[in-house]
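One-letter residues, chain by chain:
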Amino acid sequence: MSQITDPAKEIINMCLYLKRIRANPSNQTVCSILEKNFSTDICTPYKIMNIYRERFLEFHEIVEGVQADHLDEEIRKDSISAAKSLSKLFELSKMQETWNQRVSQVISDTNILRVRGISPDLRRNFPLSELDSEEVEDLKKRVSEYDVYENLNGLVPNFALKATQSGLQDIAVALEFYELFGSNKILDAVHKSMLDIGAIETILKDEDRSRLSGLKELVGTLYSKIQAANAGVDLAISLGGKWQNLLSLLSGDSS
């Protein structure tokens, strides 16, 4: 069952997930560990590096967005400083350092504690829902079982099929590495899929639109499982009205 979490705890979970990866032999580099652990059919080390950086940028925006009367300024500055240090894990100039040394240096207990200090305030202002392992496994199974080509082949152009399949792959990789991607990144992928579905609906004939029902149900379930615990998080993750747009797409409102 989903539990309440917050942006700081999600950032900490991401860092600790990486810290639990130990190089064996111990002289393996950052680059080689990324290649070993994150080179799959749907993921690349470069994608992981980008996601890691993006999540710290989002975290910085959220922390900066907390109103001054809701947060001690020293706690804010301390967490931002620690997050800045943590965000440098995958600096290109450090990629040939040994993994164990680099991780121990950057993801230090001190930095983790400094980010954790802001967690109670963020939980009050920007609560999130965190999936448990069973929910993640169930959603992974459902995504892997949906065949875009089987359901839509011949009804829409091939480029639309590829775009829709790519969107599902983005969801799949975010679920596969859930602790790295976090709930917001899955919502990003869900948003992309809903845009694809909306575009396909404009192409399909009326009698064929029922073929999309399975896909709409799937991404709708993803949204409902991962949605923010309350509207307080909307401000933090609705850049450019994305959140409101997602709600509109899920409700079927095309106006």
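Residues numbered from 1 in each chain as written. Predicted model: local features only at pLDDT ≥ 70, side-chain atom pairs only at ≥ 80, totals over all residues. Heavy atoms only, no water.

1. With respect to the overall build of the chain
Here is step 1: Helix and strand content of the chain: 14 helices and two strands.
Here is step 2: Per-residue burial over the chain gives 46% buried out of 255 residues.
Here is step 3: Of the contacts formed within the chain by residues at least 6 apart in sequence, a portion of 79% connects residues at least 24 apart.
Here is step 4: Carbon and sulfur atoms make up 50% of the accessible area of the chain, which amounts to about 12,600 Å² in all. (Helix = DSSP H or I, 4+ residues; strand = E, 2+ residues; numbered from the N terminus. Buried < 20%, exposed > 50% of the residue type's maximum accessible area, 1.4 Å probe, protein only. Contact = heavy atoms within 4.5 Å. Areas by Shrake-Rupley, 256 points an atom, 1.4 Å probe, with all protein chains shown as cover.)

2. Quick look at the confidence of the model for the chain
Here is step 1: Per-residue confidence for the chain gives a mean pLDDT of 85; residues scoring 70 or more make up 87%.
Here is step 2: This stretch, residues 228-244, has a pLDDT under 50; its non-local contacts, to residues over four places away or in other chains, come to 30 contacts. (pLDDT = per-residue confidence, 0-100.)

3. Some thoughts on the packing of aromatic side chains
Here is step 1: Taken as a whole and judged by the stated rule, the model has four aromatic pairs.
Here is step 2: Both rings, one in Phe38 and one in Phe177, keep their centres 5.3 Å apart while their planes meet at 65°; by these two values the pair is edge-to-face. A residue pair is termed long-range when its members are at least 10 positions apart, and Phe38 in helix H2 (residues 30-38) and Phe177 in the loop between helix H10 (158-176) and helix H11 (178-203) qualify at 139 residues. (Phe/Tyr/Trp six-rings, centres within 6.5 Å; stacked < 30°, edge-to-face > 60°.)

4. A look at the packing of helix H1 (residues 7-19) against helix H3 (residues 45-65)
Here is step 1: As a packed pair, H1 and H3 sit with axes 10 Å apart at the nearest point and diverge in direction by 155°. Between H1 and H3, the angle falls in the class roughly antiparallel. For the pair H1 and H3, the crossing hand works out as left-handed. Here Pro7, Ala8, Glu10, Ile11, Met14, Cys15 and Leu18 of H1 come into contact with H3, specifically with Tyr52, Arg55, Phe56, Phe59 and Ile62.
Here is step 2: Taken together, the residues of the contact of H1 with H3 break down into 10 nonpolar, no polar and two charged. (Axes fitted to C-alpha atoms, helices over the stretch in contact; angles between N-to-C directions. Parallel < 35°, antiparallel > 145°, perpendicular 65-115°, else oblique. Left-handed = near helix turned anticlockwise from the far one by under 90°. Nonpolar A, V, L, I, M, F, W, Y, C, P; charged D, E, K, R; others polar.)

5. A few points about the pattern of salt bridges
Here is step 1: Enumeration over the complete set of coordinates arrives at 20 salt bridges.
Here is step 2: A salt bridge links Asp78 to Arg114, with the shortest nitrogen-to-oxygen separation between them at 2.9 Å. In this pair, Asp78 sits in helix H4 (residues 73-86) while Arg114 sits in helix H6 (residues 109-116), placing the two residues 36 residues apart along the sequence.
Here is step 3: Note that Asp206 is salt-bridged to Arg209, the shortest N-O span being 3.9 Å.
Here is step 4: Each of the salt bridges in this network shares a partner with another, and the network as a whole consists of Glu54, Glu58, Lys185 and Asp188. (Salt bridge = Lys/Arg side-chain N within 4 Å of Asp/Glu carboxyl O.)

6. Things to note about the environment of Leu128
Here is step 1: Mapped onto the secondary structure, Leu128 falls in strand E2 (residues 128-130).
Here is step 2: Separated by 123 residues in sequence, Leu128 and Thr5 have C-alpha atoms that sit 5.1 Å apart.

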